[in-house]
Structures are given as structure tokens and as C-alpha cells.
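Here are the chains, one letter per residue:
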There are 2 protein chains.
Amino acid sequence: MNKKRVGIIGAGPSGLAQLRAFEAAKNEGHDGPEVVCFEKQSNWGEMWNYSWRTGVGQYGEPIHGSMYKYLWSNGPKECLEFSDYSFDEHFKKPISSYPPRPVLFDYIQGRIKKNNVRDYIRFDTTVRWVSFDEETQKFTVVLDNLKIDKTYSEEFDYLVVASGHFSTPNMPYFKGIEHFPGQVMHAHDFRGADQFKDLNLLIVGSSYSAEDIGVQCYKHGAKSVTLSYRSSPIGVAWPEGIKEVPLLTHFENDTAFFKDGTSEKYDAVVLCTGYQHKFPFLPDEMRLKTKNNLYPDHLYKGIFFNELPRLIYLGMQDQYYTFNMFDAQAWVSRDCIMGKYELPSKEERRLDINKWLAENEAHTSNEAHVDFQTAYIKELLSLSNYPNFNVEKVAEMFKEWLKDKEENILTYRDKSFKSVVTGTQAEIHHTEWMDELNDTKERYLYQEESEESLADKVKVSAI
Amino acid sequence: MNKKRVGIIGAGPSGLAQLRAFEAAKNEGHDGPEVVCFEKQSNWGEMWNYSWRTGVGQYGEPIHGSMYKYLWSNGPKECLEFSDYSFDEHFKKPISSYPPRPVLFDYIQGRIKKNNVRDYIRFDTTVRWVSFDEETQKFTVVLDNLKIDKTYSEEFDYLVVASGHFSTPNMPYFKGIEHFPGQVMHAHDFRGADQFKDLNLLIVGSSYSAEDIGVQCYKHGAKSVTLSYRSSPIGVAWPEGIKEVPLLTHFENDTAFFKDGTSEKYDAVVLCTGYQHKFPFLPDEMRLKTKNNLYPDHLYKGIFFNELPRLIYLGMQDQYYTFNMFDAQAWVSRDCIMGKYELPSKEERRLDINKWLAENEAHTSNEAHVDFQTAYIKELLSLSNYPNFNVEKVAEMFKEWLKDKEENILTYRDKSFKSVVTGTQAEIHHTEWMDELNDTKERYLYQEESEESLADKVKVSAI
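Description of the structure in this document. Being a predicted model, the structure only gives us computed values, none of them experimental.

**Digging into the overall build of chain A**
Alright, step 1. Within chain A, the secondary structure is distributed over nine helices and 20 strands.
Alright, step 2. At 23 Å, chain A has a C-alpha radius of gyration in line with the 23 Å of a compact globule built from 463 residues.
Alright, step 3. Considering only C-alpha atoms, chain A reaches an extent of 75 × 65 × 50 Å along its principal axes.
Alright, step 4. Per-residue burial over chain A gives 60% buried out of 463 residues.
Alright, step 5. For chain A, the share of sequence-separated contacts (at least 6 apart) that also reach a separation of at least 24 residues comes to 68%.
Alright, step 6. Looking at charge distribution, chain A has the averaged site of its 54 positive side-chain charges lying 3 Å from that of its 70 negative ones.

**Regarding the packing of helix 1 (residues 13-27) of chain A against helix 3 (residues 101-113) of chain A**
Angle between the axes and distance between the axes are the two parameters that describe a pair of packed helices.
All names here are of chain A.
Alright, step 1. In contact at an axis separation of 10 Å, helix 1 and helix 3 are set at 20 degrees when each is read in the N-to-C sense. On the basis of their axis angle, the class for helix 1 and helix 3 is roughly parallel. For helix 1 against helix 3, the interelement crossing comes out left-handed. Every residue of helix 3 that contacts helix 1 at P13, L16, A17 and R20 is listed here: I108, R111 and I112.
Alright, step 2. Its residues assigned to classes, the contact of helix 1 with helix 3 shows five nonpolar, no polar and two charged.

**Side note on the relation of the copies chain B and chain A**
Alright, step 1. Once chain B has been moved 0.0 Å along the axis and rotated by 180 degrees, it coincides with chain A to within an RMSD of 0.0 Å. The operation mapping one copy onto its partner corresponds to a two-fold rotation axis. Proximity to the rotation axis, assessed at the C-alpha, singles out G55 of chain B in chain B; its C-alpha lies 2.5 Å from the axis.
Alright, step 2. Most of the interface of chain B is mirrored in chain A: 100% of its interface residues are interface residues there too.

**A few points about the interface of chain B and chain A**
Alright, step 1. Taken residue by residue, the interface counts 47 residues in chain B and 48 residues in chain A.
Alright, step 2. Of the roughly 3500 Å² buried between chain B and chain A, counting both surfaces, carbon and sulfur atoms make up 49%.
Alright, step 3. Ranking the residues of chain B by area buried against chain A places W52, W129 and M171 of chain B at the top, with a combined share of 19%.
Alright, step 4. The interface formed by chain B and chain A contains 10 salt bridges.
Alright, step 5. Here D284 of chain A ties to K150 of chain B by a salt bridge, and the two come within 3.8 Å at their closest N and O atoms.

**Things to note about the packing of aromatic side chains**
Residue and element names in this part refer to chain A.
Alright, step 1. Tallying each qualifying case throughout the model produces 66 aromatic pairs over all chains.
Alright, step 2. Grouped by ring-pair contacts, the aromatic residues W48, F82, Y85, F87, F91, Y107 and F323 constitute a single cluster.
Alright, step 3. Sitting over the face of the ring of W433, R413 holds its NZ or CZ atom 4.5 Å from the ring centroid.

**Focus on helix 7 (residues 366-381) of chain A**
Residues and elements named next belong to chain A.
Alright, step 1. Here helix 7 is 16 residues long and its end C-alpha atoms lie 23 Å apart, about the 22 Å a rise of 1.5 Å per residue gives.
Alright, step 2. Taken together, the buried positions of helix 7 are occupied by A368, H369, V370, F372, Q373, T374, Y376, I377, L380 and L381.
Alright, step 3. Against helix 5 (323-337), helix 6 (346-361) and helix 8 (391-407) lie the buried residues of helix 7.

Calculation criteria
Residues numbered from 1 in each chain as written. Chains lettered and ligands numbered in written order. Predicted model: local features only at pLDDT ≥ 70, side-chain atom pairs only at ≥ 80, totals over all residues. Heavy atoms only, no water. Helix = DSSP H or I, 4+ residues; strand = E, 2+ residues; numbered from the N terminus. Rg over C-alpha atoms; globule rule 2.2 N^0.38 Å. Buried < 20%, exposed > 50% of the residue type's maximum accessible area, 1.4 Å probe, protein only. Contact = heavy atoms within 4.5 Å. Lys, Arg positive; Asp, Glu negative; His and termini not counted. Charge placed at Lys NZ, Arg CZ, Asp CG, Glu CD. Axes fitted to C-alpha atoms, helices over the stretch in contact; angles between N-to-C directions. Parallel < 35°, antiparallel > 145°, perpendicular 65-115°, else oblique. Left-handed = near helix turned anticlockwise from the far one by under 90°. Nonpolar A, V, L, I, M, F, W, Y, C, P; charged D, E, K, R; others polar. Least-squares fit on C-alpha atoms with pLDDT ≥ 70 in both. Buried area = accessible area lost by both parts, 1.4 Å probe. Salt bridge = Lys/Arg side-chain N within 4 Å of Asp/Glu carboxyl O. Phe/Tyr/Trp six-rings, centres within 6.5 Å; stacked < 30°, edge-to-face > 60°. Lys NZ or Arg CZ within 6 Å of the ring centre and 35° of its normal. Expected span 1.5 Å × (residues − 1).

What follows is the structure, encoded as C-alpha cells:
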């Protein structure tokens, strides 16, 4: 019998977790399926693979990444640590709890570089169209090799969609915005705070992007930052120079008007108005149609598309848990594909989905949302052999983090947490976050190393 | 026998010309095929349908338009006039030779609003994938109704690709650009000069976009404009405040370095580095693969894809002639589909293509290029009953325009040309172009009207 074939769309944290899961099974001596991963970009990492480009890439495909310069983790790294590859194992020493993007990207890559995972990935390859044959129970995937401009088709028994959901902007219209004279961009196209130096910046939105871009621009020298919220403000203790106002109603030239009747002139606008779950390569009956939330409908255990469970979605939830959630999902997905985990009937799956949907509906506070996703992670961990970790402890850290942010949005990244994987307490970083304008890995790791080598030199001279 | 089905991709000037051509045949009493046009946007006009959006649209599809505020025709309108619908017929009075975008868009719409062309267009509908069945000689087109998020397939006997080739940016990498602190955008995302007021702007490129965006930004208050060319400068007499420099080699922070060893600091960069012919919805063997030039290979008479002539491309040439060329092409395409114009054998078509390719290769001057495209238009006109017009006279106007621009890039738009369709001499516009900062249709048509009504009033009081 031929080996089953598994197609994975996207080599970001979720797709790489899926590849890692199959490698883990192989290392345990199991004979796995044939796995191929398709990645539109020329390197792995998806969102974490920063690009200066906006709009479209080298080959004219829409840019995937929404990543910007000066992005530092906005949650403790101890809440996203791989339970099978610790930060200690990667960096060989304790680091701080809130590293910048290049450091996190380095960490993601460290785990997969240990294996031959890269061999399974076809880079510069985008998926054009997918169809499913009920009779053969196979997916036909039309692929486009962007580098050589060549299309071709392949068949798969399982399809894993790991293409993320923070790539396609949701961009509402505000009356008069077409006449606003300054720069108008969506957070997706934001590449760094520098261009907003000395400007009065209006940010529309009240979620993570709005909060983080607002604070970054404040830190890097914007003259003022105004955040406009739809239903409720972020509500933390803002420093002077950042404020929240109710919903933007319209523009008149460079003046923005808000729901409370106030108005103000701005130099630039960043729309942090969220993203769409968008799967243009899938027929609509296979598309996950959902708003961003902690438990999208139609996915059994948050991953198996109920109408067609050979179609698996990874990482489609709104996220407290990230890398470790993708792992926990990928291990369950793998076990199902390899026949170690059997799915119940469609009706039973439906009942289970409904149970989680009802539970999700019942809560509104951030703390309750943390508990909800914690329960989901525990459920996933019970279904596979992904190394267990102290999820309750992680939930506590999330709640502490929520408090820290509320207390002081400018200093919460200076706090230190303790790893549930290794027990290591994070270092206090050499520079306070508000004073640190350089986000390179070299700078991040520099001072400590130089102090160490200084200590070595002192020892040598003392001999 | 069932009616033949024709699918048209795109409702811009080319797609609309195709619809108009079929309407014209119908009006002449001919029984035409069933025609369906698919348009990604919610209105027709493609490039001429200005949108404030950049990146992706309401439904997450890449934005088609590269149109910006304050765009005025950069060639005399007498060189693009429809020979079956004059400017006089539309505006009922003479207007100037270089109208702004809203006025040209109004003109394009005037002709098609006379018919029921709109009924044939499915808006908010994008083409996902096309395949061709050799046996049935039919195209299967997978469509996506963006408004209701629904995909479906339809079959067509002919497919007309009229999706343009100024939508997908070509964006080269320059060393250090990822660290340039200011705004970096491609011309595709340029929406107006206002945001560059008082800034030192670097424009990379030496074609129409570079020239026009540079001059617009100068006109609307940029502190300085530098144009960097690859092989040869635009070379017109630039005013103080605009200059041309050789190719950009790299950036160091906000300083750009050029091939002649000079360097300068900039606040923002606009890459006017051209566009890709991009057809992601077609299998690569059906894709027109070409650089932007006056006679792309693989197209018989510039339109019939030689490997599969039921696949028709409109408007894929680099353009002196625009609207009238699309018309001339669409009429030939129509006659072929309706069996009035028979294609020769593949080999004969190949020989004809080769002849044109060789001819195109032989010339390098702008004047010779005008003559080349003029010969091509004459060839097209000889193949259908599209109303003939004095192409030689239009060629002369193009050459005069080239000279005008070289003489004074700031005043060439104040010149007046004579229509070859109606013989009407264009009005001198009420305001010199350099002083006219408002590009609305109302403003463009305003003063004259008010003077007329003033004259009327004077007459009345005199009675």
C-alpha cells in the first residue's frame, strides 16, 4: 500500500509544529506518512520572518507578514515555551521574559534545525486551488512554483491549513477618509515607528495591535498617540502623550471626529481594525468562516473541520497560548492522521463543538478567557503524547501579565517569570524596555556576554 | 445549438471595450454569444475607479488600482478618444486636452451607460482558477462571489483576459532598504502627494510613474524630489527642486547612495519600478509571460494567445495608444469569436508575430515607438469595422506631446490639440495646470459653466 500523503499549507509556527510532530513520531520509531509543506515565502517563520516589503512580494503575491521593527513579545515567553525544547536548551543561559522578535524567531528555528524538517518544505510555492474528490477521498491541490513560474497539481489524503489568520486586513471605511491628506495604513502594513516621529498619530482599534503600535510609536518619538475604540477602551493607565477616545465617526480633511463630539487634527492614521480569516485557495464549503475568537465554530477539538475532518486547521483561534497551543494541536492532528487517535462520529463531534461554543459564550472577562483557553489546552494535552507542562501555572502567569499591563503599560516588559518547562527564573534584561531602542539579537545578547567575557579576562589577569 | 459563451475577466477600459464591441454588433442586428464579465471590484473602471485603499480591499483581495489623487491625463485626450463616442458627444462642449482622472472616468462611463452593458457584469467576483479541456475545447472558470463568500464554476468557449498589467508591483530590493526609517512604498500604493509635503522625496525609476509622481509631489509642496534612473534619465528640463541622479545602489539608515558616488538623506522613498504581468488564476502554460513592451511575444495581432487562441488578451502592450487601442483590439476579438474573422494556422500566426517582434526590436527612439504602435493600430483597424480614425494625425500629436514634455514638464498640460474624431480644437483650461490643485470634475467644469450662466444673466438683464 502506498504511503498516505499529507499536505501542509504554510511553514509558520503552526506548520512547523506539524512537521516537528511527524519528526517526533519518526524519532520514536513510527513509520509516518509522506509529508509536504508549501510555503509562499522563501524562508520559514511566516509572521516571524520579517520583511520590509508591504503590498506584494518579489513574485507579486500578497505579503503574508504583519510584523514590524521593534516588536518585542507582548506576553511572557514562559507562556509560549515549547515543552519539548526549552529556552534554556536553545540559548544555553537564562534570558529575559520579553525578548524582541529576532530572538523569538531564533528560538523557533533552533528546534527545527535539529531535524531535517527543511527538506519537507517547498519554498516560494503558493497554493492556488484545492478540490476534494468524495469518491477517492483525496484532495487535489494546484500549486504554483513562484520562482520558476510553473503550476502543477498533486493529490493528498490529508490537508493541514496552517496559513494563519493575521495576514488579511479588515479595513472598514470611515466617511471622509479618502480625503485625509496624510498616510493611512492598516497595521498589516506598519513596518516600524520611525516614520511617525514627531507626528500626531491616530490609531483606530483597541486590541493588541492598537495597544502595541501605539506604545511603540510613543516610545520611538511620536508627538502624540490617540487610540479610538469601538465598544470599550483598553483602559490601562496611559502615560501623558497617549490617550483613548471613543469611536471615530468621520474625517473632514485632516480632522477626525469622534462619537463623544470631540475632534482633533492628525498627521497620520493607522487602522488596527483586525484581520479576516481568509482562504482564497479553498472552495467556500471547505473554508473556515469565522470571526477572530477563542473557539471558532466548525472545528472539532479546535482543529478538525467537522464537515470534512481530513481537512485540518491549526492555530485558527484567538490566542493567549500560541506556540505551545500550535504544538498541542499538531500532535493531535498527527495522531489522527497516523491512526492513533480515532475521531468520533460527526454528530458526536458536533455535540462536543457545541459544548465548547456554549462555554466560550458564557465568559467575558480576560481572566475567564485565559481559563477557557487553558481548559482547551489541557484537553488537547490529554489526547496526545506532547510533553505535558504545568498549564495551570501558565494560566496564573497570564493573569499576572494582565495585571502588569494594566498597572503600567510601559514597564510590564521588565518583569520576570519562571519557566514551567525548566524551572528557570528569567533574567532581568540589561536595559529597561522603554530605554531600549535596538531590537537586534546581537544587542539583546550582547551586554551579558561581554560582561561574562570581561569576567573571564579579569580571572585570566588575576592568575 | 447552444449559444457560445464568452467570459471576460475585468471591467476596466479593455473589458468594457469588449462588452461595447458585442453591444455594437447587437445594435447592427447580429446575434452574438452569451457574454459574462467578472469584476473583482464593486464598480467598473478598474484603474480609473479610484480607491483610497491600499493593500487589500473590503473582501481581502489585493487592490487592483494604482490610481492616485491629482492624476491628470499625461497625454492629450485627443490621442485616446473613442472613435465611436467623442468627447464632444459626452461633454456637449469642448474641454481641455489634459483632463483629470474623474473627468476621464466620466467619459469612459458615458459610452457604456448608453447600453445595458452593466447587466453583463458580475461585480465583487474574482476568478480563482481556470482550466481548459482539450477534448471539449472549453474553459472551466472557478469564480468567487466575494460579497456572499461563495465559489462556483462555469464553462466558457472563449476567455478574454482584460485584467490589466499595472496592478502587481515589481519591487526590487536595495541593500539597506529594510533599515530606511521613513516611509517606503511602491507607486502602486501612492494615493496622493499630500503626505510628502515638506519632505525630501526619493523616487526610484524613470518611466511614466516616476515622472508623474515626481512632478505631482513637486507641485503639491514636496521640499525636494530626486529621481534615480537605472540606464538613462528622463532627461527633460527639470525645474529647480527636481533632479535626476544615477541608479540607487544602497541605503545606510536614511542616506541613499548612488552609482556616481553621491549620497543624500531622504525622508521617504517611492519605488516607481514598474509592474509585473501577473495572472495567478491561470495555469502557467496559459499565462502571458512578458516584460512590459510594445509587442509582447505569444500574442497574434497582439491579442490571440498563439498556443490557444480561444484565450484572448486585451491591452497587454506598453501603451502610447490606450482606450482606442483597446477598442480596436476588442472589435477584432469580437469578430473572431463571432466567426467573422478567421485566424490563420498556428505557424502562419507565429510568422506574423515574429515579424512584429523583429520590427519592434529594430527601434529605440520614442518617435519610432510611436510609429510602431501606430502601424499596429492601423493593422487592427483593417481587420474589423471599428470606426476608422486618422491614426497618422494621432501619431503626430504623440510626437508633439513628446516635444512639449521635453521643453517644459510643468506646462505641457496647458497645450491644446485638435480631435481627429470631431475636428474640435480643445479649450484652453480656465486655470494653468501648475496652479490647479483641485482635480474634481465639478471644479474642472465649473468656471466655464458659471461664465456661461453669467453671460446668460447679462443677456437677460439687457433685455
